[in-house]
Each structure stands twice: as C-alpha cells, then as structure tokens.
Amino acid sequence: MSFEDKVAIVTGAGQGIGLCIAEHFAKTGTAVVIAEVNESTGKKARDRLADTGKALFIETDVSNEDSIKNMVSLTVQKFGRIDFLVNNAVFSVKDSYTGFDVGKWQAAVDTNLTGAFLCAKYCEQYLKKSKGCIVNIASTRALMSEKNTQAYTATKAGLVGLTHSLAISLGPDIRANCISPGWIDIREYLHHGDDVPPPLTRQDNEQHPAGRAGKPEDIADMVLYLCGDSGGFITGQNFVIDGGMTKKMIYLE
C-alpha cells in the first residue's frame, strides 16, 4: 500500500516519540495532523516537517472532548479523510502513594485513556470509510512497575485493554493495535532550548539484552508497519519494544 494521499492524526506529536512518528508518516507522503496541546512545540514540529510533506498543527487537548471534536472536524475540512490515528498523547505523573493528588490521577485518566477512546470515537466514521488503522502508544509500565507510578501504570494498562476492545468492536473495517515502548532515548526529537536530558551512559545501554536503549525510530517503524498492508492481518495486539528488558530477571547480588 502506498501512503501517498493518506492522512494520519498523531496526538502528542510536538516532540519525542510522537514527533518521530509524525515525521516518519510525512516522509512517506502522508498528510500529518500534529494534534498537540502545547502551541509552541506544536508549531516547532510543524516547521520541522515542512520540508518532508504536508503537516498541519491543530492545538488539541485530548482530555477535552470538545477539543477532540474540533480537531477531527478541522482535519476532515482540510484533507477530506482520515486513514490513521495514533494515540500518543500522555500525561505523565510520579508521586508518593500516600500523598498522591487525586487531581493528577484524574488528569492521567482523562489524557492517557479517555482521550484515546474519544479520539477513536470521533475518528471512527472516517476510519471505517478508509479501512483505516488505530495505533495506541502504551508503555512497558502496563506490564511492570516502578514505585509511585500508579496513575501512569494504570492508564497505560487500560490502554492495552482498550486496544483489543476497539479491535473487536470496530473490526473488520478498522484495525487497532498497541505498542508498548520501553526505555526510549528521545533527545534527538526535542526542540532546541528544551530541557534535554544528558546522553545515555554505557551502562544504560548495556543493561538491555539488545545491547542498547531504544530510539524513537524503533517505535515509528512499527507504527508504519502496522498501518501498512504488511500489517493487514494484525489487530488487537500489543507489541512490546523494549530491547528485551521485560524478559530479564533482575536481582541484587
């Protein structure tokens, strides 16, 4: 399948993994909607994609239903169709268990889980027409935990469940899959002036069974595979891309 003349919506595409996914789509000739809540990063992402293809920034808060409806409406007004929806937007929070602010919990639920559901809901009629595809970006935290990540972990686990529910409810017209990234080094997809983390250490890389931490391209390549003809028999699945870390027993010696 050619990606030419197709349209992809990528939420949270202002930077990081989402920006890499958007850039990968743009390089194939796909028109990309950067659905991003931060106006500054959204415009920077649009400008970065300007030379690679058609890119439209729509300021979008996926925790707000009206904002999602507006984004979908503007996408269809501009491009006339929707072929791919990538739910990547995330509210990440880490706090102590006993002192956790329930407002932060609700914000994580609204963005990470309800937002993905509502994006699928309002894109459904257009994805059915195009025989399109949904890809949800979860996390290995859906399968394993660090301390004090209750809201993030619970919502990412919910996103995995939502994925196979969407696959059954919307199939065969729409396929839905999920990707759970592990440790991904996003430094190359942060904008100049952002708070860029330091380079990874040798230990950071070598602790992975694959010999290195992940790159945003590892995730973006899988997104395009799942959206293309090669992924046509795949739906309802969660693909863990983590260099083998979730299969590694770690004990203190």
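Coordinates for the structure precede this section.
Residues numbered from 1 in each chain as written. Predicted model: local features only at pLDDT ≥ 70, side-chain atom pairs only at ≥ 80, totals over all residues. Heavy atoms only, no water.

Caption draft 1: Summary view of the packing of aromatic side chains. The tally for this structure, following the rule as stated, stands at three aromatic pairs. On the basis of an interplanar angle of 50° and a centroid distance of 5.6 Å, the ring pair of phenylalanine 3 and phenylalanine 84 is categorised as tilted. Residue phenylalanine 3 is located in the segment before β1 (7-11), and its partner phenylalanine 84 is located in strand β4 (residues 84-87); the two are separated by 81 residues in the primary sequence. Residue phenylalanine 3 is classed as buried on the basis of its relative accessible area, which comes to 13%. Each ring, one from phenylalanine 25 and one from phenylalanine 84, has its centre 5.5 Å from the other, and the planes form 15°; the classification is stacked. You can see phenylalanine 25 sitting in helix α1 (residues 16-27) and its partner phenylalanine 84 sitting in strand β4, a full 59 residues away along the chain. Note on phenylalanine 84: relative accessible area 3%, which makes it buried. Feature note: the residues Phe3, Phe25 and Phe84 constitute an aromatic cluster, connected by ring pairs. (Phe/Tyr/Trp six-rings, centres within 6.5 Å; stacked < 30°, edge-to-face > 60°. Helix = DSSP H or I, 4+ residues; strand = E, 2+ residues; numbered from the N terminus. Buried < 20%, exposed > 50% of the residue type's maximum accessible area, 1.4 Å probe, protein only.)

Caption draft 2: Representation of empty space enclosed by the protein in the model. A full pass over the atoms with the stated rule returns one cavity of 30 Å³ or more. By volume, the largest cavity amounts to about 40 Å³. What lines the largest cavity is Thr11, Val62, Asn87, Asn88, Ala89, Thr111, Asn112, Gly115, Ala116 and Leu159. With four residues, helix α4 (residues 102-130) is the single largest residue contributor to the lining of the largest cavity. (1 Å grid on protein atoms, 1.4 Å probe; cavity = no way out; pocket = protein on both sides within 12 Å on 5 of 7 lines; lining within 4 Å. Points joined across faces, edges and corners; volume = space filled by probe spheres on them.)

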